[in-house]
Amino acid sequence: MSNSEWEVGGGYEPIPVTVLCGYLGSGKTTVLNHILKQRGGMRVAVIVNDMSEVNIDAKLIKSGSALSRTEEKLIELSNGCICCTLRDDLLQEVRRLTEEGRFDAIVIESTGVGEPIPIAQTFTYMDDNLKIDLSEQCRLDTMVTVVDAYRFWHDFSSGDSLLERQQAVGYEDERDVVDLLIDQIEFCDVLLLNKCDMVQTEELDQLEQLMRKLQPRARIIRTVKGQVDVNDILNTHLFNFEAASISPGWMQELQREEHTPETEEYGIGSMVFRSRRPFHPERLGLLFEEWPEAIIRAKGTLWIASRNDIAASISQAGASIRFGPAGYWIAALPDDERQIYLDAEPDLAASWEPRWGDRMTELVCIGIDLDREVMNKRLEDCVLRVDEVELDWSSFPDPLPSWDQALEQVEMQEIGTDVSR
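A. Highlighting the overall build of the protein. Counting its regular elements, the protein contains 14 helices and 14 strands. A total of 421 residues make up the protein; the buried ones form 52% of that total. Expressed as a percentage of contacts within the protein between residues at least 6 apart in sequence, the contacts between residues at least 24 apart total 77%. Just so you have it, the protein exposes about 19700 Å², and 45% of that area is on carbon and sulfur atoms.

B. Structural context of the nonpolar core. By size, the foremost hydrophobic cluster in this structure holds 36 residues, and its most contacted members are Phe152, Leu191, Leu193 and Met211. Counting only elements with at least two residues in this core, the list comes to α5 (152-156), α6 (177-186), β8 (190-194), α7 (201-214), α9 (249-255), β10 (268-275) and β14 (361-368). Among the elements that line this core, the one with the most residues is α6, at six residues. The residues touching leucine 193, leaving out its near neighbours within four places in the chain, are Val147, Ala149, Leu204, Leu207, Glu208, Met211, Ile221, Arg222 and Thr223. Val94, Ile108, Leu134 and Ala244 belong to the second largest nonpolar core, which has 25 residues in total.

C. Quick look at the pairing of strand β9 (residues 219-222). The sheet contact formed by β8 and β9 spans four bridges and is parallel. Bridging from a neighbouring strand, leucine 191 pairs with isoleucine 220 of β9. Regarding the hand of the β-α-β motif, the stretch spanning β8, α7 and β9 is right-handed.

D. Inspection of the packing of aromatic side chains at higher detail. In total, this model carries 13 aromatic pairs according to the counting rule given. Plain terms: the ring middles of tryptophan 303 and tryptophan 393 are 6.1 Å apart, the flat faces sit at 70° to each other, and that makes the pair edge-to-face. With tryptophan 303 in the loop between β11 (295-302) and β12 (310-317) and tryptophan 393 in the loop between α13 (372-382) and α14 (404-407), this residue pair connects regions lying 90 residues apart in the sequence. Of the two residues examined, tryptophan 303 and tryptophan 393, each falls in the buried class. Between phenylalanine 323 and tryptophan 403 the ring centres are 5.8 Å apart and the planes differ by 40°, which places this aromatic pair in the tilted class. Of the two residues, phenylalanine 323 sits in strand β13 (residues 320-328) while tryptophan 403 sits in the loop between α13 and α14, which places them 80 residues apart along the sequence.

E. The environment of asparagine 308, seen in detail. By the element assignment, asparagine 308 lies in the loop between β11 and β12. The spatial distance from the C-alpha of asparagine 308 to the C-alpha of proline 278 is 8.3 Å, given a sequence separation of 30 residues. A polar atom in the side chain of asparagine 308 sits 2.8 Å from the side chain of tryptophan 303.

F. Main features of the environment of asparagine 231. For asparagine 231, the location among the structural elements is in the loop between β9 and α8 (241-245). Counting along the chain gives 193 residues from asparagine 231 to glutamine 38, while the straight-line C-alpha distance between them is 10.0 Å.

G. Structural context of the pattern of salt bridges. Enumeration over the complete set of coordinates arrives at 29 salt bridges. In this structure, aspartate 189 and arginine 217 form a salt bridge, with 2.9 Å as the shortest nitrogen-oxygen distance. Of this pair, aspartate 189 sits in the loop between α6 and β8 while arginine 217 sits in the loop between α7 and β9, and the two are 28 residues apart along the sequence. The buried category is assigned to aspartate 189, whose relative accessible area is 3%. Aspartate 387 is the partner of arginine 385 in a salt bridge, and the nearest nitrogen-oxygen pair spans 3.5 Å.

H. Representation of α13 in the model. Of all the positions in α13, only Met375, Leu379 and Cys382 are classed as buried. Projected down its long axis, α13 shows its buried positions confined to an angular sector of 55°, all on one face. Buried residues along α13 sit in contact with β10, α10 (281-289), β11 and β14. One side-chain oxygen of the residue at the start of α13 lies 3.2 Å from the amide nitrogen of glutamate 373, identifying that residue as aspartate 371.

I. Representation of the side chain of arginine 139. Here arginine 139 shows up in strand β7 (residues 138-148). According to the relative accessible area criterion, arginine 139 is buried, its value standing at 17%. Those residues in contact with arginine 139 that sit more than four places away from it in its chain are Glu13, Pro14, Ile15, Pro16, Val17, Asn235 and His237.

J. The arrangement of the sheet that holds β11 in detail. The five strands are arranged β10-β14-β11-β12-β13 in an open sheet whose pairing can be described as antiparallel. Among the strands making up the open sheet, the edge pair consists of β10 and β13. Sheet twist, expressed as the mean angle between neighbouring strand axes with direction ignored, is 15°. Bridge count for β10 against β14 is eight bridges, and the pairing is antiparallel. Bridge pairing in β14 links valine 272 to valine 364.

Criteria and cut-off values
Residues numbered from 1 in each chain as written. Predicted model: local features only at pLDDT ≥ 70, side-chain atom pairs only at ≥ 80, totals over all residues. Heavy atoms only, no water. Helix = DSSP H or I, 4+ residues; strand = E, 2+ residues; numbered from the N terminus. Buried < 20%, exposed > 50% of the residue type's maximum accessible area, 1.4 Å probe, protein only. Contact = heavy atoms within 4.5 Å. Areas by Shrake-Rupley, 256 points an atom, 1.4 Å probe, with all protein chains shown as cover. Core = buried A, V, L, I, M, F, W, Y, C linked by side-chain atoms within 4.5 Å. Pairing = 2+ DSSP bridges. Right-handed = clockwise from strand over helix to strand, strands pointing away. Phe/Tyr/Trp six-rings, centres within 6.5 Å; stacked < 30°, edge-to-face > 60°. Polar contact = N/O pair within 3.5 Å; in protein donor to acceptor, adjacent residues only side chain to side chain. Salt bridge = Lys/Arg side-chain N within 4 Å of Asp/Glu carboxyl O. Arc of directions from axis to C-beta. Axes fitted to C-alpha atoms, helices over the stretch in contact; angles between N-to-C directions.

Structure representation (structure tokens):
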């Protein structure tokens, strides 16, 4: 395939870019080697990102596939992560490759601790500092996440932090391994469930069903040793930033007016809890301490009585629960600012509660063998009783984590479906 095959109206379509994400050891380099061996006549440029000063992945690719100087180019970005410290390097290298005008596709292998959203944003927005807009010369075509089917549950339930595994991007990197796994799964167009030959069929079926629940939009492909049809991940035209941003399963659940319990396969199901009364902070704190192991993923916005002006966000994956401020409720804003939001958003005005405004709890729980009725009852028991509504909410004991430092960074802003941590 050559660029001339993509001529449109006398010009050329932007060069398609495929990004390979996935936790360390998932098999990204094996997938990349397979692409290079099976690319046919396609001229491919490769950018490899590794978190060490000596780029091991680049050496593996060189030894595993012949890179011809006339047909391919291998760019090594080492000692940093392209989603943060090496982002400028990525911008400049991609621009240089596109300006050469001799490649049919670019494949980027992200580091195993890289998050996909910042990488995608690199191709979506103009960089004000470098004045580079990659969308003028190339297009982000496919976000691919490689999942290690054999080690997934081990890593998911480990409770380890990246710092504890010596995989952190600096000492301020407080991410847990499970949070990274979820970030990579929830933002992708294609999910490669790799190393399937090392997992029993029933376990693999359950894992695939969980992946579909966490990321219903993605194409899930089972692979062994990274062997995937090149046409499934190159020049697919699958990527759409807006669609990808609202594709996680928890967000899809929240967008439904009512949750209809689905027929569960392999015990995997979900529930949505909504309440127009706030949580009692002490009872909610006790629930956090006894959070059910059956819940694999939880995400949402919480209304807490003792913190009435500010919405709380909760993001749970495996053993990791992150809790903090999401922003001010619109009802807590000054009258003139509040009216601006109400005038601009008819749906918000239509759902406005006369006394409490936009304050409410919306929480999605995804789990395995999760008893919805029991969990719903436990959450309902944490909500203020009718006789508590007229009490002084500031007098309630509040054992939840303090927001003192985080509140300094919270701006007066609308609370929407984006409650990312």
